[in-house]
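Take a look at the letters that make up each chain.
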Amino acid sequence: DAMVIQNPRYQVTQFGKPVTLSCSQTLNHNVMYWYQQKSSQAPKLLFHYYDKDFNNEADTPDNFQSRRPNTSFCFLDIRSPGLGDAAMYLCATSRGGATLEKLFFGSGTQLSVL
Amino acid sequence: GIQVEQSPPDLILQEGANSTLRCNFSDSVNNLQWFHQNPWGQLINLFYIPSGTKQNGRLSATTVATERYSLLYISSSQTTDSGVYFCAARDNYGQNFVFGPGTRLSVLP
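Fair warning: this is a prediction, and the values are worked out from it, not measured in the lab.

1. Focus on the overall build of chain B
Right, on to step 1. For chain B, the count of helices and strands is zero helices and eleven strands.
Right, on to step 2. For chain B, the α and β elements follow one another from N to C terminus as β-β-β-β-β-β-β-β-β-β-β.
Right, on to step 3. Viewed in the frame of its principal axes, chain B has a C-alpha envelope of about 45 × 25 × 20 Å.
Right, on to step 4. Within chain B, the proportion of its 109 residues that are buried is 51%.
Right, on to step 5. The long-range fraction of contacts in chain B, counting pairs at least 24 apart against all pairs at least 6 apart in sequence, stands at 55%.
Right, on to step 6. Looking at charge distribution, chain B has the averaged site of its 6 positive side-chain charges lying 5 Å from that of its 7 negative ones.

2. As for the packing of aromatic side chains
Right, on to step 1. Inspection of every chain in the model, using the stated rule, returns twelve aromatic pairs over all chains.
Right, on to step 2. When the centroid spacing of 6.1 Å and the interplanar angle of 35° are considered together, the rings of Phe64(A) and Tyr89(A) count as tilted. Separated by 25 residues along the polypeptide, Phe64(A) in strand E7 (residues 64-67) and Tyr89(A) in strand E9 (residues 87-94) bring together distant segments of the chain. For the pair Phe64(A) and Tyr89(A), a shared accessibility class is recorded, and that class is buried.
Right, on to step 3. Three or more aromatic residues joined by ring pairs make a cluster, and in this case those are Tyr33(A), Tyr35(A), Phe105(A), Phe35(B), Phe86(B), Phe97(B) and Phe99(B).
Right, on to step 4. Directly above the aromatic system of Tyr10(A) lies the positively charged group of Arg9(A), at a separation of 5.3 Å from the ring centroid.
Right, on to step 5. In this structure, Arg22(B) is placed above the aromatic ring of Tyr69(B), and the distance from its NZ or CZ to the ring centre is 4.2 Å.

3. As for the side chain of Gln37(B)
Right, on to step 1. You can see Gln37(B) is positioned in strand E4 (residues 29-37).
Right, on to step 2. For Gln37(B), the side chain forms a polar contact with the main-chain oxygen of Gly41(B), separated by 2.9 Å.
Right, on to step 3. Ignoring anything within four residues of it in the chain, the contact list for Gln37(B) reads Gln37(A), Leu90(A), Gln42(B), Leu43(B), Gly83(B), Val84(B) and Phe86(B).

4. Topic: the nonpolar core
Right, on to step 1. Counting residues in each nonpolar core, the largest one holds 22 residues, and the members touching the most others are Leu32(B), Trp34(B) and Leu72(B).
Right, on to step 2. Elements that contribute at least two residues to this core include exactly strand E2 (10-14), strand E3 (19-25), E4, strand E5 (43-48), strand E7 (59-64), strand E8 (69-74), strand E9 (83-91) and strand E11 (103-108) of chain B.
Right, on to step 3. The contact partners of Leu32(B), leaving out residues within four places of it in the chain, are Cys23(B), Phe25(B), Phe47(B), Tyr48(B), Ile49(B), Pro50(B), Thr63(B), Ser70(B), Ala88(B) and Ala89(B).
Right, on to step 4. Membership of the second largest hydrophobic core comes to 18 residues, among which are Cys23(A), Leu46(A), Tyr89(A) and Val113(A).

5. Some details on the state of the cysteines
Right, on to step 1. This structure, assessed with the given rule, holds two disulfides over all chains.
Right, on to step 2. The residue that forms a disulfide with Cys23(A) is Cys91(A), at a sulfur-sulfur distance of 1.9 Å. Between Cys23(A) and Cys91(A), the disulfide has an S-S torsion of -70° and is therefore left-handed. Of this pair, Cys23(A) sits in strand E3 (residues 19-25) while Cys91(A) sits in strand E9, and the two are 68 residues apart along the sequence.
Right, on to step 3. Overall, Cys23(A) belongs to the buried group, its relative accessible area being 1%.
Right, on to step 4. Overall, the relative accessible area of 0% leaves Cys91(A) in the buried class.
Right, on to step 5. Between Cys23(B) and Cys87(B) runs a disulfide, and the two sulfur atoms are separated by 2.0 Å. A torsion of 75° about the S-S bond marks the disulfide between Cys23(B) and Cys87(B) as right-handed.

6. Quick look at the sheet that holds strand E8 (residues 73-78) of chain A
All names here are of chain A.
Right, on to step 1. A sheet is described by the order of its strands in space; here four strands give the open sequence E1-E3-E8-E7, paired in antiparallel fashion. With one partner strand each, in any of the chains shown, strand E1 (4-7) and E7 form the two edges of the open sheet. Across this sheet, the average inter-strand angle for adjacent strands is 20°, counted without regard to direction.
Right, on to step 2. Bridging between E7 and E8 involves four bridges; their strand directions are antiparallel. For Arg67, the partnering residue across the bridge sits in E8 and is Phe75.

7. Considerations on the pattern of salt bridges
Opposite charge on two side chains allows them to pair when their charged atoms are near.
Right, on to step 1. All told, the structure shown has three salt bridges over all chains when counted by the stated rule.
Right, on to step 2. One salt bridge in this structure joins Arg67(A) and Asp77(A), with 2.8 Å as the shortest N-O distance. Here the residue Arg67(A) occupies a position in strand E7, and Asp77(A) occupies one in strand E8, the gap between them amounting to ten residues.
Right, on to step 3. Arg67(A) sits in the partly exposed class, given a relative accessible area of 40%.
Right, on to step 4. Linking Asp81(B) and Arg58(B) is a salt bridge whose minimum nitrogen-to-oxygen distance equals 2.9 Å. Here the residue Asp81(B) occupies a position in the loop between E8 and E9, and Arg58(B) occupies one in the loop between strand E6 (52-56) and E7, the gap between them amounting to 23 residues.
Right, on to step 5. Residue Arg58(B) is classed as partly exposed on the basis of its relative accessible area of 26%.

Calculation criteria
- Residues numbered from 1 in each chain as written.
- Chains lettered and ligands numbered in written order.
- Predicted model: local features only at pLDDT ≥ 70, side-chain atom pairs only at ≥ 80, totals over all residues.
- Heavy atoms only, no water.
- Helix = DSSP H or I, 4+ residues; strand = E, 2+ residues; numbered from the N terminus.
- Buried < 20%, exposed > 50% of the residue type's maximum accessible area, 1.4 Å probe, protein only.
- Contact = heavy atoms within 4.5 Å.
- Lys, Arg positive; Asp, Glu negative; His and termini not counted.
- Charge placed at Lys NZ, Arg CZ, Asp CG, Glu CD.
- Phe/Tyr/Trp six-rings, centres within 6.5 Å; stacked < 30°, edge-to-face > 60°.
- Lys NZ or Arg CZ within 6 Å of the ring centre and 35° of its normal.
- Polar contact = N/O pair within 3.5 Å; in protein donor to acceptor, adjacent residues only side chain to side chain.
- Core = buried A, V, L, I, M, F, W, Y, C linked by side-chain atoms within 4.5 Å.
- Disulfide = S-S within 2.5 Å.
- Pairing = 2+ DSSP bridges.
- Axes fitted to C-alpha atoms, helices over the stretch in contact; angles between N-to-C directions.
- Salt bridge = Lys/Arg side-chain N within 4 Å of Asp/Glu carboxyl O.

Written out as structure tokens, the structure reads:
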């Protein structure tokens, strides 16, 4: 089945140690998103790619970076994780076009920072 | 940017009961979706419904775009319906989906 796959499911890192989360999709969608979700809160958009065009949210910290080497893969890099970065990180995709249609989410990566 | 509100914030039901969840948005939208987040954190897309009414089994949704709200109906609720229900909207000018704060549903056996 076509889907959005995130690895790993759980990630533990140390304070200040760089970490990379990965996302792949078999839907061939134009748009890929990274959301951060903290406990009991709504998902918050960090940034998204429309094809190769990168779009950063104004309030996304510089500590968060992203790469999309091809249509299928997208990475979230956290350069120096702090305790406040512990959260669920969700990758999503959608088609391009005027309305972007449906969002499809991966199962998420739960990040712990020690 | 667009603001999205949801009500009620929490809902407890007995199995078999019906419920209505509401989503209000502050501006015209070209995209409105409902999601269910299960206890393991997976977000499942329930409906893509910028306007009109759709049904899928025990679930149905209605969006009245001119009045800026959407409703999600759950009939004959089951314990597996428990979780958090989010609506997400995209306005006619923005690039991004904005999520509401969610409704946490607990269905008791």
